[in-house]
Amino acid sequence: MASTAAEPWWRRNKLSHTARFRDTYCFPLNDCTLIGPRPAGDAIVIEQDEETASCVWDASIVLAGYLAGPALDDEFWRGKRVIELGSGCGLSGMAAACRGPAETVLTDLGDVMPVLERNVRHNFPTAADAGIRVAELFWGDECPEVKPPYDVVLGADIIYELQNFELLVRALSDMSGPDTVVLLATEHRWRDVDGYFWEEASRLFTHEAIPHSEHHPVFRHDKIDIYRLRKRPTARAEPDDHQVQDSEGLSAERFTDHDHDTLP
């Protein structure tokens, strides 16, 4: 697809349906800083299967570029345990694994596991040697394969369903300790959704947007932000009744203003 003045070449929102949701996607690693296992061909190859959770979204491209790029030095990754929530195809988590942390766990719901497992197996044929594995995780539930706290928690384009915000914040809290760095990438599609998420998350976490100047020099976009979160020392694991009621009472009709990409 030819580049335009408005959009960089890697943006996927204007692709045909087949290219956008079905064709194999390749994330180039030739301009990335890698000290860990490197997939063959200098690219992470992603199989898609046309479901919302099993497609490559642009926020995951931006996060993958940040994780594999120069902004985070080797010391940041050394000996770290990493988990990704809502991995989908697994692009961001596999980009992190390429940096050589001690462990990388990619998680999602059961119906996403087949494509996620195939992608990990294709890119890391000896996944155990690379310290990367997948696990089924329903936010808020315990999973014997997931052993928090983790040093780094990742999420790309998982801030979009109002009814899941409470569970998402709880999962982020469950996975985090006092020194955990949470990195969430999100594309701003609806006017107020982000605000409601941060209202929920701010009970347990501080957060700041990472300047775009620190994003990967190629994989960056003014509608996509990466946020760095840290757990508050006095964080409470459970919301009060008033907050739950407010969250459940929100009307999705308020959030129909969007720009480029939409969830199918």
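Fair warning: this is a prediction, and the values are worked out from it, not measured in the lab.

The rules behind the values
Residues numbered from 1 in each chain as written. Predicted model: local features only at pLDDT ≥ 70, side-chain atom pairs only at ≥ 80, totals over all residues. Heavy atoms only, no water. Pairing = 2+ DSSP bridges. Helix = DSSP H or I, 4+ residues; strand = E, 2+ residues; numbered from the N terminus. Axes fitted to C-alpha atoms, helices over the stretch in contact; angles between N-to-C directions. Contact = heavy atoms within 4.5 Å. Parallel < 35°, antiparallel > 145°, perpendicular 65-115°, else oblique. Left-handed = near helix turned anticlockwise from the far one by under 90°. Nonpolar A, V, L, I, M, F, W, Y, C, P; charged D, E, K, R; others polar. Phe/Tyr/Trp six-rings, centres within 6.5 Å; stacked < 30°, edge-to-face > 60°. Buried < 20%, exposed > 50% of the residue type's maximum accessible area, 1.4 Å probe, protein only. Lys NZ or Arg CZ within 6 Å of the ring centre and 35° of its normal.

Asker: Just to check I follow, could you spell out the sheet that holds strand 6 (residues 150-156) for this structure?
Answerer: Whenever strands of a sheet pair, they do so through backbone hydrogen bonds, lying parallel or antiparallel. Across the sheet, seven strands lie side by side as 5-4-3-6-7-9-8; this open sheet has mixed pairing. Since the sheet does not close on itself, it has two edges, and those belong to strand 5 (132-136) and strand 8 (205-209), each with one partner. Within this sheet the neighbouring strands show an average axis-to-axis angle of 20°, counted without direction. Summarising the sheet, strand 3 (residues 81-85) and strand 6 pair through four bridges and their orientation is parallel. In the strand pairing of strand 6, Ile 83 is matched with Val 153. Its contacts with the sheet put helix 2 (residues 58-68) on strand 6, strand 7 (176-187) and strand 9 (224-231), and the angle it makes with strand 7 is roughly 130°.

Asker: Any chance you could explain the packing of helix 7 (residues 165-175) against helix 8 (residues 193-201) here in plain terms?
Answerer: The description of two packed helices rests on the angle between their axes and on the distance between the axes. Running from amino to carboxyl end, helix 7 crosses helix 8 at an angle of 45°, the nearest separation of the two axes being 10 Å. Judged by the angle between their axes, helix 7 and helix 8 are oblique. The element helix 7 and its partner helix 8 pack so that their crossing is right-handed. In contact with Phe 165, Glu 166, Leu 168, Val 169 and Leu 172 of helix 7, helix 8 contributes Val 193, Tyr 196, Phe 197, Glu 200 and Ala 201. Class assignment of the residues belonging to the contact of helix 7 with helix 8 gives a composition of eight nonpolar, no polar and two charged.

Asker: I tried to follow the packing of aromatic side chains on my own but got confused; where do I start?
Answerer: Centre distance and the angle of the planes are the two values used to describe a pair of aromatic rings. For the structure on display, the rule yields eight aromatic pairs. Both rings, one in Trp 198 and one in Tyr 227, keep their centres 4.7 Å apart while their planes meet at 55°; by these two values the pair is tilted. Of this pair, Trp 198 sits in helix 8 while Tyr 227 is found in strand 9, placing the two residues 29 residues apart along the sequence. In this structure Trp 198 comes out as buried when scored by relative accessible area, which is 10%. The exposure class of Tyr 227 is buried, given its relative accessible area of 10%. What links up through ring pairs into an aromatic cluster is the set Trp 9, Trp 10, Phe 27 and Phe 219. One cation-aromatic arrangement involves Lys 80 over Phe 76; the distance from NZ or CZ to the ring centre is 6.0 Å.

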